[in-house]
Amino acid sequence: MTKEGGCATDWRAIQRELAVAHAGPESGSLAWRATQVAIAALLLVATLPVMLAIAAIIRLDSPGPALFRQVRVGRAGRLFRFTKFRTLHADAAARFPELYAYRYAGEEIERLRFKVPDDPRLTRAGRWLRRTSLDELPNLWHVVTGEMALVGPRPEIPEMLPYYSAQGRARFAVRPGVTGLAEVSGRGDLTFREAESYDADYARRASVRLDLAILARTLVVVLRGHGAY
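Treat the numbers as computed from the prediction; the structure is a model and nothing was measured.

J.: Is there a simple way to think about the overall build of the protein in this case?
T.: Secondary structure assignment for the protein yields nine helices and four strands. By the compact-globule yardstick of 17 Å for 229 residues, the protein fits well, its C-alpha radius of gyration being 17 Å. The principal-axis extents of the C-alpha atoms in the protein amount to approximately 45 × 45 × 30 Å. Across the 229 residues that make up the protein, the buried fraction comes to 47%. For the protein, contacts bridging at least 24 residues in sequence account for 76% of all contacts bridging at least 6. As displayed, the protein offers around 11500 Å² of accessible surface, 60% of which is attributable to carbon and sulfur atoms. Separation of charge centres in the protein, based on 33 positive and 24 negative side chains, amounts to 5 Å.

J.: Can you help me understand the nonpolar core in this one?
T.: As a rule of thumb, nonpolar side chains are buried together in soluble globular proteins. Formed by 25 residues in total, the largest nonpolar core has its most connected members in Ile54, Ile58, Phe85, Leu137, Leu140, Tyr202 and Ile214. When residues of this core are traced back to their parent elements, those giving at least two are α2 (30-46), α3 (48-61), β2 (79-85), α7 (139-145), β3 (149-151), α8 (192-205) and α9 (208-224). The element that contributes the greatest number of residues to this core is α3, accounting for four residues. If near-sequence neighbours (up to four positions away) are discounted, Ile58 is found in contact with Pro65, Ala66, Phe85, Arg86 and Leu129. If you look at the next biggest cluster of nonpolar residues, it comprises 19 residues, including Trp11, Tyr100, Ile109 and Tyr164.

J.: Just to check I follow, could you spell out α9 for this structure?
T.: Owing to its 3.6 residues per turn, the α-helix brings residues three or four apart onto one side. The terminal C-alpha atoms of α9, which comprises 17 residues, lie 25 Å apart, in line with the 24 Å expected from a rise of 1.5 Å per residue. Buried residues of α9: Leu210, Asp211, Ile214, Thr218 and Val221, and no others. The buried residues of α9 occupy one face: seen down the axis, they fall within an arc of 90°. Set apart from the buried face of α9 by more than 90 degrees, the exposed residues are Arg209, Leu219 and Leu223. On its buried face, α9 is in contact with α2, β3, β4 (177-179) and α8. After α9 finishes, the residue Gly225 shows a positive phi value of roughly 70°.

J.: Any chance you could explain the side chain of His142 here in plain terms?
T.: Relative to the helices and strands, His142 resides in helix α7. Given the relative accessible area of 3%, His142 is considered buried. What His142 contacts, discounting residues up to four positions off in sequence, is Phe80, Arg81, Phe82, Thr83, Glu147 and Met148.

J.: Is there a simple way to explain the packing of α2 against α3 in this structure?
T.: Two measures define how a pair of helices packs: the angle their axes make with one another and the distance between the axes. At their nearest, the axes of α2 and α3 sit 4 Å apart, and the two run at 55° to each other. It follows from the interaxial angle that α2 and α3 lie oblique. Where α2 approaches α3, its residues Leu44, Val45 and Ala46 are matched on the opposing element by Leu48, Pro49 and Met51.

J.: How should the side chain of Arg86 be read in this particular structure?
T.: By secondary structure assignment, the location of Arg86 is in the loop between β2 and α4 (92-95). A polar contact is formed between the side chain of Arg86 and the side chain of Ser62, at a distance of 3.1 Å. At 3.3 Å, the side chain of Arg86 and the backbone oxygen of Pro63 are in polar contact.

J.: Please explain the pattern of salt bridges as it appears in this structure.
T.: Opposite charge on two side chains permits pairing when their charged atoms draw close. For the structure shown, the criterion picks out 14 salt bridges. Close ionic contact of Arg12 with Asp10 constitutes a salt bridge, the shortest N to O distance being 3.4 Å. Owing to a relative accessible area of 42%, Arg12 belongs among the partly exposed residues under this scheme. For Asp10, a relative accessible area of 36% corresponds to the partly exposed category. With a shortest N-O distance of 3.0 Å, Arg171 and Asp199 are connected by a salt bridge.

J.: Explanation requested: the pairing of strand β1 (residues 67-73) in the structure shown.
T.: In summary, the side chains of a regular strand alternate between the two faces of the sheet. In the sheet, β1 pairs with β2 via seven bridges, with the strands oriented antiparallel. Note that in β2 the partner of Arg69 across the bridge is Thr83.

Conventions we followed
- Residues numbered from 1 in each chain as written.
- Predicted model: local features only at pLDDT ≥ 70, side-chain atom pairs only at ≥ 80, totals over all residues.
- Heavy atoms only, no water.
- Helix = DSSP H or I, 4+ residues; strand = E, 2+ residues; numbered from the N terminus.
- Rg over C-alpha atoms; globule rule 2.2 N^0.38 Å.
- Buried < 20%, exposed > 50% of the residue type's maximum accessible area, 1.4 Å probe, protein only.
- Contact = heavy atoms within 4.5 Å.
- Areas by Shrake-Rupley, 256 points an atom, 1.4 Å probe, with all protein chains shown as cover.
- Lys, Arg positive; Asp, Glu negative; His and termini not counted.
- Charge placed at Lys NZ, Arg CZ, Asp CG, Glu CD.
- Core = buried A, V, L, I, M, F, W, Y, C linked by side-chain atoms within 4.5 Å.
- Expected span 1.5 Å × (residues − 1).
- Arc of directions from axis to C-beta.
- Axes fitted to C-alpha atoms, helices over the stretch in contact; angles between N-to-C directions.
- Parallel < 35°, antiparallel > 145°, perpendicular 65-115°, else oblique.
- Polar contact = N/O pair within 3.5 Å; in protein donor to acceptor, adjacent residues only side chain to side chain.
- Salt bridge = Lys/Arg side-chain N within 4 Å of Asp/Glu carboxyl O.
- Pairing = 2+ DSSP bridges.

Here is the structure:
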């Protein structure tokens, strides 16, 4: 979803700070990275028929493109064009402008939740895609191209950077992921601050063992549909 506005701090300045803070090479196993790329590539091929069917369903269900693309923030503040299946009405920003102000006071950001069960912007197909997490299948392409990993914090939009605490910005030391610690610890039920804490904790403790544990928990979370709005 497109997020506009923000607080007084320019997100571009924070992006530059992130680039300096995490300018060094990424830590972690090169073998594990290569394994993730291979897994993502295999999943892309295996799910291609499913994705083609999903694209057709989206186009038949509501006007607009099947894919949703948006600039997101990756490791060390690097921007990339994020892709997923569209779950909102294509004209959602025009129909619900009040949901796109994205200017938060201190108390608001503490209790903020971006995803709610009865989001009026969701299409019929979008509700089903969110519930099953199938809308994220195109994310696998970003694992292959290197912008994302299988596990990591979900990629954020630039305009939200000013709302992260100094501790929370540690999440940008690692690549964003298709799934992550926050995703298996509450997902859409988490507040912005709760998700920030989980993501920063993951960045500090990132390891192959933790990634495998999160991937296993992801299967359970997806099947149960908890927090999938």
